[in-house]
Amino acid sequence: MSKFVTTEDANRGFEFQVIDDEGEKSDWFITVTGADSDAYRNALNKIKHRNIVDINRTKSTVQSMKRQDADAIDLVVAATTGWRGKDAMAEFSATEAERVYKNFSQIREQADRHINERANFLPSAATSS
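The structure presented is a predicted model; accordingly, all values stated were derived computationally and were not measured.

Enquirer: Please clarify how the pattern of salt bridges should be interpreted in this entry.
Expert: A side chain of one charge can pair with a side chain of the opposite charge when the charged atoms of the two come close. All told, the structure shown has 11 salt bridges when counted by the stated rule. The partner of D36 in a salt bridge is R41, and the shortest N-O contact between them spans 3.5 Å. In this structure, D87 engages K86 in a salt bridge whose closest nitrogen and oxygen atoms are separated by 3.7 Å. Residue class for D87 comes out partly exposed when judged on its relative accessible area of 34%. Looking at K86, the relative accessible area reads 69%, which means it is exposed. Put simply, D36, R41 and R118 are held in one network by salt bridges that share partners.

Below you can see the structure in the form of structure tokens.
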């Protein structure tokens, strides 16, 4: 039988262990919701709406790379619900998540990968490695 992730599954969240640049597991665990979660979809809809407003205002579909990067960070921040561990760079808050994801793209890439891996949010998925 095929299994598909529901919004409820994606809202439940998934915890992954941060891997450092040498490929070593850290004592830092980040919890994210999935790309099908309410938080992620709401953030994506806000970005789409703002982009439509900008296109109508400027009559241009050109979006700067800086804006695209900021949008990508906003999506990952919206999907991040917490973190724990002695290697965490700061106590969790949305502001700190934004700072970390802006300054450490390798951590943002890990979070983004887990957010978009639907199998992480199947009911049988356990906390990760």
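Enquirer: Explain a negative patch on the surface here, please?
Expert: On the surface, a cluster of negative charge is made up of D20, D21, E22 and E24. For D21, the position within the fold is in the loop between strand 1 (14–19) and strand 2 (25–32). Of the residues examined, D21 reaches a relative accessible area of 63% and is grouped as exposed.

Enquirer: How do you make sense of the sheet that holds strand 2 when you look at a structure like this?
Expert: The strands making up a sheet associate through backbone hydrogen bonding, with each pair oriented either parallel or antiparallel. Taken in spatial order, the 3 strands make up an open sheet running 1-2-3, and their pairing is antiparallel. The open sheet is flanked by strand 1 and strand 3 (80–84), the only strands paired with a single partner. On average, each strand axis in the sheet is inclined to that of its neighbour by 30°, with strand direction left out of account. Where strand 2 meets strand 3, 4 bridges bridge the pair, whose relative direction is antiparallel.

Enquirer: Just to check I follow, could you spell out the side chain of Q17 for this structure?
Expert: You can see Q17 is positioned in strand 1. There is a polar contact of 2.7 Å between the side chain of Q17 and the backbone oxygen of S26.

The rules behind the values
Residues numbered from 1 in each chain as written. Predicted model: local features only at pLDDT ≥ 70, side-chain atom pairs only at ≥ 80, totals over all residues. Heavy atoms only, no water. Salt bridge = Lys/Arg side-chain N within 4 Å of Asp/Glu carboxyl O. Buried < 20%, exposed > 50% of the residue type's maximum accessible area, 1.4 Å probe, protein only. Patch = residues over 30% accessible without salt bridge, like charges linked within 9 Å, V, L, I, M, F, W, Y side chains within 5 Å. Areas by Shrake-Rupley, 256 points an atom, 1.4 Å probe, with all protein chains shown as cover. Lys, Arg positive; Asp, Glu negative; His and termini not counted. Charge placed at Lys NZ, Arg CZ, Asp CG, Glu CD. Helix = DSSP H or I, 4+ residues; strand = E, 2+ residues; numbered from the N terminus. Pairing = 2+ DSSP bridges. Axes fitted to C-alpha atoms, helices over the stretch in contact; angles between N-to-C directions. Polar contact = N/O pair within 3.5 Å; in protein donor to acceptor, adjacent residues only side chain to side chain.

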